[in-house]
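What follows is the residue order along each chain.
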Amino acid sequence: MAGKKRFQVLEDRCKGCGICVPTCKFDALHMNGSRVILEEEKCKYCGVCTFNCPDLALVLTTGEEKIPDEKILPLPDFGGEITQPAPGTHFMQGATACAEGAIAAGCRFYAGYPITPSTEIAEDMAARLPQVGGRFIQLEDEIASMGAIAGASVSGVRSMSATSGPGFSLMQENLGAACMREIPLVVVNVMRGGPCTGLPTRPSQGDVMQARWGTHGDHQIIALAPWSVSEMFWLTVRAFNLSEKFRVPVILLPDEVVAHMRERIALPDYRTEVAVVDRPVPSDPPESYKPFDGRFLTPPLPAYGRGYRFHLTGLTHRPDGFPTGDPAQAAALLERHERKIREAASEIVQVDEVDMADATTIVVAYGSTARSAKEAVRSARRRGVKAGLFRPITIWPFPTERLSAIASRGNVRFVVAEMNRGQILGEVERVVGRFRVSGVLQTDGNPIMARTIERAIG
Ligand code: SF4
Ligand code: SF4
């Protein structure tokens, strides 16, 4: 028979933040300085406050079981055996290659809500994660999905979600929360025509700016744009590695064509041929660890529940994670966010250049449009036109330095081809000057054909 319920404040865990006090609707909790006081006669032993203490310092028991005194909480075992399709050549869909890249990179948690044309990624992750000891959960919407993967990541598990335009919009507030808290995670946005429900399952590149500036405030983000099934695999691996290394959300931005196409891919051996970057662990002991320590551009992030206790908030915060309105500390925080990406730009930014050495007409294109652009460039070359292809693989941060160096050659014009109304065209104009840039902009739900781009090359 269960004994009388007992309520206890674990003094060694309680940091006196007071968060628990307003969560008791019976007004049974009060603060006396930094100490939590319980008015036993008011307490209904409902347990609500115990779920609201971020430090698990409030415990409700039957009075018979032992109150845990260890600080290291048991976490699910995600260390399942890695299974994979046989290394070697496969004929594979882009979405499947993305899911395999995630598994190879150590992703062991996926939360999402199905939406075309990204649903195949969810289907593949639902099948694959249980095989490697991971967890898959379908949630009620994309808002919850973002919250879930951010929470899982803070507990030390590499986490991902996949969506498309409208779902990506729903994710934006929690994406901003992850930016502010510097939580590593990967979101795949398979771009379809918009705005709103737009053109479901038809290709688009209309979310390029949403990936950069969709959430509010000055924040940093990395976005990668694959153009092949092979890049769906390898850029997913890279997305996780960049995310973990720089404590920043990374967006994989395939368009519908790349996610749905099937082509040949050479799969590596995940155990021996895929380099996985581990999240830096703190050298400081738990007592002196600060989650936003300004000594580092990217402070290390331990897993919640593994001996380290720390505070994360969406408010502007001090190095110890607690809110502050101090102008100097507020400025220092966002400056550090910006510097950690800007100063690593040469490592983060990748571009692909085709026939660029003597090119005087340069097509700037990414994703599946770059495949058409490459064909257009090759065809123009056969006619004696000095055309070249500049393909940003890293869309954000934008490859400003490399493009600027190319523009400084002088007699060069640029043709930007993209399935939107000129989102990257504006970036190219910013870098090289607007009078040298023209656009092949298409938003009719069809891929841009090579002949359309070749006409613009001239
Ligand atoms: S929320 Fe937890 S840590 Fe904060 S005062 Fe209440 S018991 Fe203590
Ligand atoms: S157990 Fe329920 S009634 Fe008691 S202090 Fe916590 S929230 Fe209030």
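The rules we used
- Residues numbered from 1 in each chain as written.
- Chains lettered and ligands numbered in written order.
- Predicted model: local features only at pLDDT ≥ 70, side-chain atom pairs only at ≥ 80, totals over all residues.
- Heavy atoms only, no water.
- Helix = DSSP H or I, 4+ residues; strand = E, 2+ residues; numbered from the N terminus.
- Buried < 20%, exposed > 50% of the residue type's maximum accessible area, 1.4 Å probe, protein only.
- Contact = heavy atoms within 4.5 Å.
- Areas by Shrake-Rupley, 256 points an atom, 1.4 Å probe, with all protein chains shown as cover.
- Pairing = 2+ DSSP bridges.
- Axes fitted to C-alpha atoms, helices over the stretch in contact; angles between N-to-C directions.
- Near = heavy atom within 4 Å.
- Nonpolar A, V, L, I, M, F, W, Y, C, P; charged D, E, K, R; others polar.
- Right-handed = clockwise from strand over helix to strand, strands pointing away.
- 1 Å grid on protein atoms, 1.4 Å probe; cavity = no way out; pocket = protein on both sides within 12 Å on 5 of 7 lines; lining within 4 Å.
- Points joined across faces, edges and corners; volume = space filled by probe spheres on them.
- Domains from an automatic or database assignment.
- Phe/Tyr/Trp six-rings, centres within 6.5 Å; stacked < 30°, edge-to-face > 60°.
- Salt bridge = Lys/Arg side-chain N within 4 Å of Asp/Glu carboxyl O.
- Buried area = accessible area lost by both parts, 1.4 Å probe.
- Polar contact = N/O pair within 3.5 Å; in protein donor to acceptor, adjacent residues only side chain to side chain.
- Lys, Arg positive; Asp, Glu negative; His and termini not counted.

Points about the overall build of the protein
In step 1: Each helix and strand in the protein was counted, giving 15 helices and 20 strands.
In step 2: Structurally, the protein occupies a C-alpha span of about 90 × 50 × 40 Å along its principal axes.
In step 3: The burial tally for the protein puts 51% of its 458 residues in the buried class.
In step 4: Taking the contacts inside the protein whose residues are at least 6 apart along the sequence as the reference set, 75% of them involve residues at least 24 apart.
In step 5: Accessible surface, the protein: about 19,900 Å² in total, of which carbon and sulfur atoms supply 53%.

Here we look at the sheet that holds strand E18 (residues 394–396)
In step 1: Read from one edge to the other, the open sheet built from seven strands follows the order E7-E6-E8-E9-E13-E12-E18, with strand pairing classed as mixed. Edge strands, defined here as strands with exactly one partner in the open sheet, are strand E7 (135–138) and E18. Adjacent strand axes in the sheet meet at a mean angle of 20°, parallel and antiparallel pairs treated alike.
In step 2: Two elements, strand E6 (residues 109–112) and strand E8 (residues 159–163), share two bridges in a ladder whose sense is parallel. Within E8, the position partnered with Phe-109 by the bridge is Ser-159.

Quick word on the site of ligand 1
In step 1: Taken together, 13 residues lie around ligand 1, and Cys-14, Cys-17, Gly-18, Cys-20 and Cys-53 are the ones closest in.
In step 2: A class-by-class count of the residues in the shell around ligand 1 yields nine nonpolar, two polar and two charged.

So, the site of ligand 2
In step 1: Every residue close to ligand 2 is listed here: Phe-7, Cys-24, Phe-26, Ala-28, Leu-29, Leu-38, Cys-43, Lys-44, Tyr-45, Cys-46, Gly-47 and Cys-49.
In step 2: Across the shell around ligand 2, the residue classes break down as 10 nonpolar, one polar and one charged.

So, the pairing of strand E13 (residues 249–252)
In step 1: The side-chain alternation of E13 yields two buried faces, one formed by Pro-249 and Ile-251 and the other by Val-250 and Leu-252.
In step 2: Here strand E12 (residues 222–224) pairs with E13 via three bridges, running parallel. The residue bridging Ala-223 from the neighbouring strand is Ile-251, located in E13.
In step 3: As a crossover connection, the stretch from E12 through helix H7 (residues 229–246) into E13 is right-handed.

Brief notes about the layout of surface pockets
In step 1: By volume, the largest pocket is sized at about 630 Å³.
In step 2: As for the largest pocket, its lining consists of 25 residues, of which Arg-342, Ala-345, Pro-397, Phe-398 and Thr-400 are closest to the centre.
In step 3: Of all the secondary structure elements, the ones that give two or more residues to the lining of the largest pocket are helix H6 (208–213), helix H10 (327–342), helix H11 (345–348), helix H13 (400–407) and helix H14 (423–432).
In step 4: No fewer than three residues from each of domain 2 (80–348) and domain 3 (351–457) sit in the lining of the largest pocket.
In step 5: Of the voids in this model, the second largest pocket is the one considered here, and its volume is about 480 Å³.
In step 6: Of the residues assigned to the lining of the second largest pocket, the class counts are 12 nonpolar, three polar and six charged.

A few points about the packing of aromatic side chains
Any aromatic ring pair is given by two values, namely how distant the centres are and how the planes are angled relative to each other.
In step 1: The final tally for this structure, using the stated rule, is seven aromatic pairs.
In step 2: Geometrically, the ring pair formed by Tyr-289 and Tyr-308 is edge-to-face, given 5.2 Å between the ring centres and 85° between the ring planes. Taken as a pair, Tyr-289 in the loop between helix H9 (270–273) and H10 and Tyr-308 in the loop between H9 and H10 lie far apart in primary sequence, 19 residues in all. The exposure classification of Tyr-289 matches that of Tyr-308, with both residues buried.

Considering the pattern of salt bridges
In step 1: Tallying each qualifying case throughout the model produces 26 salt bridges.
In step 2: As a salt-bridge pair, Asp-269 and Arg-271 come within 3.9 Å of each other at their nearest N and O atoms.
In step 3: Linked through salt bridges whose partners overlap, the residues forming this network are Lys-15, Asp-55 and Arg-309.

Let's talk about the domain arrangement of the protein
In step 1: By domain assignment, the protein separates into domain 1 (6–61), domain 2 (80–348) and domain 3 (351–457).
In step 2: Domain 2 puts 29 residues into the contact, and the matching count from domain 3 is 26 residues.
In step 3: Taken together, both faces of the contact between domain 2 and domain 3 bury some 2,200 Å²; the carbon and sulfur share is 59%.
In step 4: Here domain 2 and domain 3 share two salt bridges between them.
In step 5: Inspection of the domain 2/domain 3 interface yields 18 residue pairs in polar contact (both at pLDDT 80 or more).

Some details on the environment of Glu-347
In step 1: Along the polypeptide, Glu-347 turns up in helix H11.
In step 2: In the structure, Glu-347 is positioned 28 residues away from Glu-375 in sequence and 29 Å away in space, judged by C-alpha atoms.
In step 3: Ignoring anything within four residues of it in the chain, the contact list for Glu-347 reads Arg-238, Lys-245 and Phe-246.
In step 4: Side chain to side chain, Glu-347 and Lys-245 meet in a polar contact 2.7 Å long.

Considerations on the side chain of Glu-418
In step 1: Topologically, Glu-418 is positioned in strand E19 (residues 413–418).
In step 2: Here Glu-418 is buried and forms no salt bridge, its nearest opposite-charge partner Arg-421 lying at an N-O distance of 9.2 Å.
In step 3: At 2.6 Å, the side chain of Glu-418 forms a polar contact with the side chain of Tyr-366.
In step 4: A polar contact of 2.8 Å, which involves the side chain of Glu-418, links it to the backbone nitrogen of Leu-425.
In step 5: Discounting chain neighbours no more than four positions away, the residues touching Glu-418 are Gln-205, Tyr-366, Thr-369, Gln-423, Ile-424, Leu-425, Val-440, Leu-441, Gln-442 and Ile-448.

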